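Breakdown of the fold
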Amino acid sequence: MIGEVTGIRRIRMLYLQLLYRCDFECLHCFHGKRLQHADAFTADEAISLLTLMREQYATEAVTLLGGEPFVHKDLAQVVRYAKQDLGMRVEICTNGYRIERRLIEIAPDLDLLPVSLEGIGSTNDHIRKFGSYQSTLSALDIARGLGVRTGATLTVTARNIDEVLPLARTLQHYGVEQLKLHCLRPVGNAADHPELLVTDSAAYIRLREQFQTAELTIEMMVDEDLSEHGAPEIRAPVVGPTQIERIEADPRGALTMSCKAVGRDSHAFWYDKLADHITHRSSAGDELTLAVPDVVYGRV
């Protein structure tokens, strides 16, 4: 269905939100009240979508998200199928909170474990959850011992922008390979916390300049809104592209091709869990807005 409407024949990565449920209520979370919703993929539904994407769009990698994917009771089953049966590259984005037991279980089939942190110590804990900073560092330590490659993500806010580089240096110590920075968007919980928004646009310029002189060994990645040239509007032309980097499925089955659409209710495509196929909604307003690649600041 996606190919017939857009001309897209290959989608490299699936971002699969397994469920909304989470053991955190972060101040900036784009899901907002949806964290209270029961929508979720069952193991069979997730496996069916993964198989469809692999067979119809040659999808080679999956990133499992939530909510918090480690609270999904069948996470290990989904991970094993994606890796062992489909040969996919598997990542799990997690808050890293008390995941040690389950991490040990899935480590052999896990290619990358990105954890979410929002600063150093109490800065992180205020935004995310008390005790989460040390718990996440512990998870990174265990992952390193298991031979699992790790990354990290941080949403840049007015409270943590001055701690990006100190956090990067701390993560280096734990063997983390990359730190990806996201721009805060006023959706979900963030809409109720305007104090977190970075109102001085020059602050991003200063941050990028610091990357260039910090002599970091960790790879720094920024999304398009934090890049030097801002976020371009990229839409599928009349004769669309044949390949895109990623598509994201939320726990209801709604599919989006741009991170800017996440947290909204305008979707061009849906995965019908019962019928195991993708349907098209022609009324979606931003249906052909595509994902823009991240900007990478290479290791020094």
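We now turn to the structure provided with this report. This one's a predicted model, so the numbers in the text were calculated from it and none came from an experiment.

1. Some thoughts on the overall build of the protein chain
For the protein chain, the helix and strand inventory stands at eight helices and 12 strands. Taking all 300 residues of the protein chain together, the buried fraction comes to 55%. Looking at the protein chain alone, contacts between residues at least 24 apart form 73% of all its contacts between residues at least 6 apart. For the protein chain, the exposed area adds up to about 13400 Å²; of that, 50% sits on carbon and sulfur atoms.

2. Concerning the packing of helix α2 (residues 43–57) against helix α3 (residues 75–85)
For the pair α2 and α3, interaxial distance at closest approach is 9 Å and the crossing angle is 20°. Comparing the axis directions of α2 and α3 gives the class roughly parallel. Seen along the crossing, α2 lies across α3 with a hand that is right-handed. Residues Ala 43, Asp 44, Ala 46, Ile 47, Leu 50 and Thr 51 of α2 touch α3, and the partners they reach there are Gln 77, Val 78, Tyr 81 and Ala 82.

3. Side note on the sheet that holds strand β10 (residues 269–272)
Pairing is mixed across the open sheet formed by seven strands, whose spatial order is β3-β2-β1-β8-β9-β10-β11. The open sheet has two free edges, formed respectively by β3 (89–92) and β11 (277–280), since each of these has just one partner strand. Direction aside, neighbouring strands of the sheet carry axes that sit 25° apart on average. Sheet strands in contact with α2 are β1 (10–17), β2 (61–65), β8 (243–249), β10 and β11, and its direction is about 170° off that of β1. Against the sheet, α3 touches β2 and β3, its axis set at about 155° to β3.

4. Description of helix α7 (residues 164–173)
The periodicity of an α-helix, 3.6 residues per turn, causes residues three or four places apart in sequence to face the same way. Of the residues making up α7, those classed as buried are Val 164, Leu 165, Leu 167, Ala 168 and Leu 171. Taken down its axis, α7 places every buried residue within 155° of arc, on the same side. Those residues of α7 hidden inside the fold are in contact with α6 (132–146), β5 (150–156), β6 (178–183), α8 (202–213) and β7 (219–222). Within two residues after α7, Gly 175 carries a phi angle of roughly 80°, on the positive side.

5. Quick word on the pattern of salt bridges
One pass over the full model with this rule turns up 14 salt bridges. Between Arg 89 and Glu 91 there is a salt bridge, with its nearest N and O atoms 2.3 Å apart. For Arg 89, a relative accessible area of 28% translates into the label partly exposed. Here Arg 149 makes a salt bridge to Glu 177, at a shortest N to O gap of 2.8 Å. Note that Arg 149 is positioned in the loop between α6 and β5 and Glu 177 in the loop between α7 and β6, a separation of 28 residues in sequence. On the basis of relative accessibility, which here comes to 36%, the residue Arg 149 falls in the partly exposed class. Taking the relative accessible area as the measure of exposure, Glu 177 reaches 24% and is therefore partly exposed. What you see here is one network of salt bridges that share partners, running through Arg 10, Arg 12, Glu 60 and Glu 245.

6. Concerning the environment of Thr 51
For Thr 51, the position within the fold is in helix α2. Of the residues examined, Thr 51 reaches a relative accessible area of 17% and is grouped as buried. Thr 51 sits 30 residues away from Tyr 81 along the chain, and the two C-alpha atoms are 9.4 Å apart. Leave out the neighbours within four places in its chain, and Thr 51 touches Tyr 81 and Leu 86. Side-chain polar atoms of Thr 51 contact the backbone oxygen of Ile 47, separated by 2.8 Å.

7. Some thoughts on the nonpolar core
Judged by nonpolar contacts, the single largest core of 74 residues is most densely connected at Ile 2, Leu 16, Leu 64, Leu 113, Leu 179 and Leu 181. With seven residues, α2 is the single largest residue contributor to this core.

8. As for the side chain of His 31
Note that His 31 resides in the loop between β1 and α2. Judged by relative accessible area, His 31 falls into the buried class, the value being 7%.

9. Examining the layout of surface pockets
In this model, the second largest pocket occupies a volume close to 180 Å³. Of the residues that constitute the lining of the second largest pocket, the class distribution is three nonpolar, four polar and three charged.

10. Observations concerning unusual backbone geometry
With an omega of 25°, the peptide bond running from Gly 66 to Gly 67 counts as cis. Inspection of the secondary structure puts Gly 67 in the loop between β2 and α3. The backbone of Glu 215 sits at a positive phi, close to 55°, despite the residue not being glycine. Along the chain, the position of Glu 215 falls in the loop between α8 and β7. Under the relative-accessibility criterion, Glu 215 is labelled exposed at 63%. Here the phi dihedral of Asp 276 falls at roughly 55°; this positive angle occurs in a residue that is not glycine.

Rules of the game
Residues numbered from 1 in each chain as written. Predicted model: local features only at pLDDT ≥ 70, side-chain atom pairs only at ≥ 80, totals over all residues. Heavy atoms only, no water. Helix = DSSP H or I, 4+ residues; strand = E, 2+ residues; numbered from the N terminus. Buried < 20%, exposed > 50% of the residue type's maximum accessible area, 1.4 Å probe, protein only. Contact = heavy atoms within 4.5 Å. Areas by Shrake-Rupley, 256 points an atom, 1.4 Å probe, with all protein chains shown as cover. Axes fitted to C-alpha atoms, helices over the stretch in contact; angles between N-to-C directions. Parallel < 35°, antiparallel > 145°, perpendicular 65-115°, else oblique. Left-handed = near helix turned anticlockwise from the far one by under 90°. Pairing = 2+ DSSP bridges. Arc of directions from axis to C-beta. Salt bridge = Lys/Arg side-chain N within 4 Å of Asp/Glu carboxyl O. Polar contact = N/O pair within 3.5 Å; in protein donor to acceptor, adjacent residues only side chain to side chain. Core = buried A, V, L, I, M, F, W, Y, C linked by side-chain atoms within 4.5 Å. 1 Å grid on protein atoms, 1.4 Å probe; cavity = no way out; pocket = protein on both sides within 12 Å on 5 of 7 lines; lining within 4 Å. Points joined across faces, edges and corners; volume = space filled by probe spheres on them. Nonpolar A, V, L, I, M, F, W, Y, C, P; charged D, E, K, R; others polar.

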